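As a plain string of letters, each chain reads:
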Amino acid sequence: MEVTLRILRYNPETDQKPHYENYQIEAEPNDQVLDLLNRVKWHTDGTLSYRKSCAHGVCGSDAVRINGVNRLACKILVKDVGSKITVEPILGLPIKKDLIVDMEPFFEHYRSVMPYLVNDEPAPAEERYQTIEQRARFDDTTKCILCAACTTSCPSFWAKGQYVGPAAMVQAHRFSFDSRDRAGAERLKILNDRMG
Ligand code: FES
């Protein structure tokens with residue numbers, strides 16, 4: 001099938017502002033949108049810039065807007081979105097080039113919630129044991145891959161306030177609900193202070 005791929009392009013060294021470019025390419029229904037970006041870069045325009053690594057939904061580096069919705073380009077197939085596909089950078093972060101955004105504001109929010117285990121008590125002779133039930137309390141929140149797709153769909157994050165956004169809250173939950181951690185109250189205060 002032939003696909004029309006519309007990509008928001010921006011080169012800060014030559015462009016006044018972002019603009020769209022269209023590419024007609026042959027694709028299979030089971031191709032990932034990431035495959036299409038690769039095809040454009042490898043065969044049509046080597047200057048196209050985007051992030052990718054694992055191509056299997058694990059590393060979180062290829063979050064983009066596909067037909068207006070934040071998604072991982074490697075997780076979305078052509079058959080999921082049809083033959084007219086628009087790819088744009090995720091919103092709320094400065095564009096560095098084409099589909100690559102500056103992730104630093106996102107990671108600043110992430111770091112602000114202390115996304116690590118805090119425990120100043122003397123180390124026990126053996127490991128700090130945890131029951132299956134204690135581990136299960138935060139199992140879901142260990143699965144965030146920090147792609148920023150959720151946070152950059154959030155209008156409160158676009159407003160560039162102190163609001164940390166959903167990804168940072170997930171990280172705060174992951175550590176605050178860990179039976180070995182002692183900084184839950186401190187993280188809660190940070191979240192409260194940064195709600196506005
Ligand atoms: Fe790693 Fe898509 S390239 S999540």
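How each quantity is defined
- Residues numbered from 1 in each chain as written.
- Predicted model: local features only at pLDDT ≥ 70, side-chain atom pairs only at ≥ 80, totals over all residues.
- Heavy atoms only, no water.
- 1 Å grid on protein atoms, 1.4 Å probe; cavity = no way out; pocket = protein on both sides within 12 Å on 5 of 7 lines; lining within 4 Å.
- Points joined across faces, edges and corners; volume = space filled by probe spheres on them.
- Helix = DSSP H or I, 4+ residues; strand = E, 2+ residues; numbered from the N terminus.
- Nonpolar A, V, L, I, M, F, W, Y, C, P; charged D, E, K, R; others polar.
- Polar contact = N/O pair within 3.5 Å; in protein donor to acceptor, adjacent residues only side chain to side chain.
- Contact = heavy atoms within 4.5 Å.

## A short note on the layout of surface pockets
And then number 1: For the largest pocket, the calculated volume is near 170 Å³.
And then number 2: The wall of the largest pocket is formed by 21 residues, among which Arg51, Gly60, Ser61, Asp62 and Ala63 lie closest to the centre.
And then number 3: Those elements that place two or more of their residues in the lining of the largest pocket are α1 (33-43), β3 (63-66) and β7 (100-101).
And then number 4: Classifying every residue of the lining of the largest pocket by side-chain character gives 17 nonpolar, 2 polar and 2 charged.

## With respect to the side chain of Asn119
And then number 1: The residue Asn119 is located in the loop between α3 (104-112) and α4 (132-136) in this model.
And then number 2: At a separation of 2.7 Å, a polar atom in the side chain of Asn119 contacts the main-chain carbonyl oxygen of Arg180.
And then number 3: Discounting chain neighbours no more than four positions away, the residues touching Asn119 are Arg128, Arg180 and Arg182.

## Focus on the environment of Cys150
And then number 1: Its location among the elements puts Cys150 in the loop between α4 and α5 (155-158).
And then number 2: For the pair Cys150 and Ile90, spaced 60 residues apart in sequence, the C-alpha separation works out to 9.9 Å.
And then number 3: Beyond its immediate sequence surroundings of up to four residues, Cys150 is in contact with Pro166 and Ala167.

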